[in-house]
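# Commentary on secondary and tertiary structure
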Amino acid sequence: MHLAEPLVRGPLIEAVPDAVLVRVPAVGRYLVRAGAVTVERMPDATDADVRCFLDEPVAAAAALLDGELPLRAAAVAVGGRAVAICGPPAAGKSVLAAALARRGHGVLADAVVVLARSPRGGAPLVRPLAPEPVLWPDSAEELGLAVESGRPVRPALAKRAYPFAAEGGQVPLAAVVSLDPRVNCTEPQADRVAGPAKLGLLLGARWHAPLARPLGREPTQFAILAGVLSGATCVRLVRPHAGAPAADLARIVEAVVG
Amino acid sequence: LSGATVWLASYPKSGNTWLRAVVTAWRSGGPVDLSHLDGSIASSRWRFDEALGVPSSSMTPDEAELVRPRVDELLAATSERVPLLRKVHDGYFLGPAGEPIISSAATRCALYVVRDPRDVAVSLAHHSQRSLDWARRRLADPRAAMNVDASGLAPLLRERLGSWSEHVRSWVDETPFEVEVLRYEDCATAPVATFARALRFAGLEPIDEASVTRAVENASFDRLRAAEDRDGFVERPVTAPKFFRRGEAGGWRDELPPDLAAAIETDHGEVMARFGYR
C-alpha cells in the first residue's frame, strides 16, 4: 500500500490531493480516501490497536480531504453550543472534557474536533466524533471514576475510554479554549484572545497543518477559520503547570460560554 | 556529517541547563529568559506529535522510539535556525529495531557535559526528593529511564538513561558523529575558556572573549537562580523546592556519606578515572 508521487512525504504520513496514507509502526497502514478507509494491518496488531488510530489521525485526515477543518482538540456541548478544548499534549484536554461531562454537558469529541462550514454562515458546526473521553488512570481517579470501568483502547496502554452522555447531533461552535500550563501561574484564569493572536492560536490548533497547502485545502480551511474568528470566542485558559482541579477549570469554561 | 542538529547531551543534573543558558545568552547577547532557553528537549511530546500528525499518546514507548530518528531528520531539515540546538538526556542507545534513537543524518555534532557522579547523585537526590542511597542505586541501574509512569501521560516521551557509566560511554565512545566532552568542573573553574571551546565546536561563530564573558555572566548561577525565583522554571519538578540549588563542583564532599561515595566509586571507577574524578 503506497501513494505514487506524494506531494507530502512525512515520517508517518504521505498525501496526494485525494488520499492520505498513514503508517503507524507495529500497527498498520491506513489509506484514507473520500468516504473510504482501507487498512493493512501488521501481523501482531489487534483490532483494538487498529481502532485506536481511527479517530486521530484517520478521521482527521478524512475530514481534511472532505474540505473540513480538523483540530487537535476535545469538544463538549454547553447550552447547545460547542466548546472546543485545545492545547499541547498532556495539557489536560480530555480531562477537562470529562469534567464538563460530569457536570451534565454532552461530549462531542475527544481527540479530533471537525469544524464544517455552516450553511447559514457564521460560526462553523461541530459534529460528534468518537465522543468518549480517553483518560489515563491518574486522571480517571482524579475525577472519581472507577478506573476499570473504562474501555481499554489498546492492550499495551493504560488509558481507557469512558462513556459519558454524548451530544446527539452537530451544534455551532461557541468557543475555543486553549489550555496553557504555566509555571508562574498560581490560580487558573481565562484570558480572552483577539486579533492576530486569535488567528495564531487557531492555526496552531489545526491537526497536521503541513498537509493543508500542498493538498489545496487552505482556501476551505481559511473560510472555516473566518467563521471562527467572527462567530466564536477564543480563550486562553492559563492554569498552574503543576495542575489544577479539573472541576475548577470546568466551571471557568461554563462561565466563558454562559 | 552535514545534519543541522547540535546535541546538548548529558545525564540529568550534570550541567545541561547551564550549557543551554550560556548558549542562549551568547546568541541573544542579553539576559536569560528561562522560558525561552535554546535547545528544546529531544523527548518533547509536543514536537513529536506536531512533526508526525500521529499522537504519541496512542503509541507504546517502543513504537515512539522507532520513529524518533525520523522526527530528528524532519526537524533538522526544516529548522530555520542552523545549527539547531537540541537538549537530550537519553543515552545514545539502539532503539527496538536496532537503529540508534538519535539520527546521524540529522546530526552535525554533540556537546556532552559530564559531571562527577558523586555530585550528580547529591543533586539528583535533591531534585527528585529521594534519598542519597536511592540516587546511588539510580546511577548504577542499567534500566533507569524517565517518564515511564504508565498511570499518566507525561509531556515528555520515555528517556532511557542506563547507568551513569553506560550513559557516558554511549555518548563518548559509541557515536558515529563527533562529540566534544565538557567537564562540569571545567565549566565551573574556567567558564569562559570552556564555553568558548563548546561554542566554537558547535559551529557558533564568531567567538570572541568579550561575548563569551558576557554570556557567562548573564548565565551565572546567581542570575539563573534569581530568574527562577522571579519567573519559575518549567523543568523544576513539582516536588522540588528549587531547580537551581547549589551549582557547585565538589559539593558531595560535605553532603555524601563516605560509604555512598565509596559505593559510587566502586560502581563507576573506570569511567570516573577517565575524566579525572578521583
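Cut-offs applied
Residues numbered from 1 in each chain as written. Chains lettered and ligands numbered in written order. Predicted model: local features only at pLDDT ≥ 70, side-chain atom pairs only at ≥ 80, totals over all residues. Heavy atoms only, no water. Helix = DSSP H or I, 4+ residues; strand = E, 2+ residues; numbered from the N terminus. Rg over C-alpha atoms; globule rule 2.2 N^0.38 Å. Buried < 20%, exposed > 50% of the residue type's maximum accessible area, 1.4 Å probe, protein only. Contact = heavy atoms within 4.5 Å. Areas by Shrake-Rupley, 256 points an atom, 1.4 Å probe, with all protein chains shown as cover. Lys, Arg positive; Asp, Glu negative; His and termini not counted. Charge placed at Lys NZ, Arg CZ, Asp CG, Glu CD. Pairing = 2+ DSSP bridges. Phe/Tyr/Trp six-rings, centres within 6.5 Å; stacked < 30°, edge-to-face > 60°. Lys NZ or Arg CZ within 6 Å of the ring centre and 35° of its normal. Axes fitted to C-alpha atoms, helices over the stretch in contact; angles between N-to-C directions. Buried area = accessible area lost by both parts, 1.4 Å probe. Salt bridge = Lys/Arg side-chain N within 4 Å of Asp/Glu carboxyl O. Polar contact = N/O pair within 3.5 Å; in protein donor to acceptor, adjacent residues only side chain to side chain. Nonpolar A, V, L, I, M, F, W, Y, C, P; charged D, E, K, R; others polar.

### Side note on the overall build of chain A
Helix and strand counts for chain A stand at 7 helices and 16 strands. Its C-alpha radius of gyration of 18 Å places chain A within 12% of the 18 Å reference for a compact globule of 258 residues. Each of the 258 residues in chain A was classed as buried or not, and the buried ones make up 55%. A separation threshold of at least 6 residues defines the contact pool for chain A, and within that pool the share at least 24 residues apart is 66%. With the model as given, the accessible surface of chain A reaches about 10,500 Å², and the carbon-plus-sulfur share is 52%.

### Focus on the overall build of chain B
If you tally the helices and strands in chain B, you get 11 helices and 7 strands. Whereas a compact globule of 278 residues would reach a radius of gyration of roughly 19 Å, chain B reaches 18 Å, a difference of no more than 12%. Each of the three principal axes of chain B carries a C-alpha extent, and together these read 50 × 45 × 35 Å. The 278 residues of chain B split such that 55% are buried. The long-range share in chain B, meaning contacts at least 24 apart out of those at least 6 apart in sequence, stands at 72%. Here chain B has roughly 11,400 Å² of accessible surface; of this, 51% comes from carbon and sulfur atoms. The distance from the centre of the 35 positive side-chain charges to the centre of the 41 negative ones in chain B is 2 Å.

### Some remarks on the pairing of strand 14 (residues 171-182) of chain A
All names here are of chain A. Most of strand 14 sits out of view: 9 of its 12 residues are buried. Bridge count for strand 7 (residues 81-86) against strand 14 is 5 bridges, and the pairing is parallel. Following the sheet pairing, Ala84 is matched in strand 14 by Val176. Relative to strand 14, strand 10 (residues 125-126) runs antiparallel, the two being bridged by 2 bridges. Paired with Val126 across the bridge in strand 14 is Val171. Two strands pair when backbone bridges link them, and strand 14 and strand 16 (residues 233-240) are joined in this way by 8 bridges, in the parallel orientation. Considered in strand 16, the bridge of Val176 is made with Cys234.

### Points about the packing of aromatic side chains
Residues and elements named next belong to chain B. Enumeration over the complete set of coordinates arrives at 10 aromatic pairs over all chains. When the centroid spacing of 6.4 Å and the interplanar angle of 85 degrees are considered together, the rings of Phe221 and Phe244 count as edge-to-face. Here Phe221 is found in helix 10 (residues 221-231), whereas its partner Phe244 is found in the loop between helix 10 and helix 11 (258-274), with 23 residues between them in sequence. One aromatic cluster is present, built from ring pairs that chain together Tyr92, Tyr112, Trp171 and Phe177. Geometry around Phe243 places Lys13 over its ring, the cationic atom sitting 3.9 Å from the centre. Sitting over the face of the ring of Tyr184, Arg115 holds its NZ or CZ atom 3.9 Å from the ring centroid.

### What to know about the sheet that holds strand 4 (residues 28-33) of chain A
Residue and element names in this part refer to chain A. The strand order across the open sheet built from 5 strands is 1-2-3-4-5, with neighbouring strands paired in antiparallel fashion. The sheet terminates laterally at strand 1 (8-9) and strand 5 (36-41), the two strands that pair on one side only. Across the sheet, helix 2 (residues 54-65) touches strand 2 (13-16), strand 3 (19-24), strand 4 and strand 5, and the angle it forms with strand 4 is around 20 degrees.

### Focus on the environment of A:Arg51
All names here are of chain A. Mapped onto the fold, Arg51 is located in helix 1 (residues 47-52). Relative accessible area serves as the criterion here: at 46%, Arg51 is assigned to the partly exposed category. Expressed as a C-alpha distance, the spacing of Arg51 and Val171, which sit 120 residues apart in the sequence, is 26 Å.

### Examining unusual backbone geometry
For residues besides glycine, phi is generally negative; the peptide bonds are generally trans as well. Geometrically, the link from A:Glu56 to A:Pro57 is a cis peptide bond, its omega value of 15 degrees lying close to zero. Of note, A:Pro57 is situated in helix 2. B:Glu205 connects to B:Pro206 through a cis peptide bond whose omega is -5 degrees. Locating B:Pro206 in the fold gives a position in the loop between helix 8 (191-201) and helix 9 (209-218).

### Focus: the interface of chain B and chain A
By a widely used convention, the size of an interface equals the accessible area lost when the partners come together. The interface is formed by 29 residues belonging to chain B together with 31 residues belonging to chain A. In total, about 2,300 Å² of surface goes out of reach between chain B and chain A, with carbon and sulfur atoms giving 67% of it. Viewed at the interface, chain A and chain B are joined by 2 salt bridges. B:Glu63 is the salt-bridge partner of A:Arg154, the closest N and O atoms lying 2.8 Å from each other. Between the two partners, chain B and chain A, sit 7 residue pairs in polar contact (both at pLDDT 80 or more). Those elements that provide at least two residues to the side of chain B that touches chain A are helix 2 (45-52) and helix 3 (61-78) of chain B. Per element, the largest residue contribution to the side of chain B that touches chain A is 6 residues, and it comes from helix 2 of chain B. Tallied by class, the residues present in the side of chain B that touches chain A amount to 16 nonpolar, 7 polar and 6 charged.

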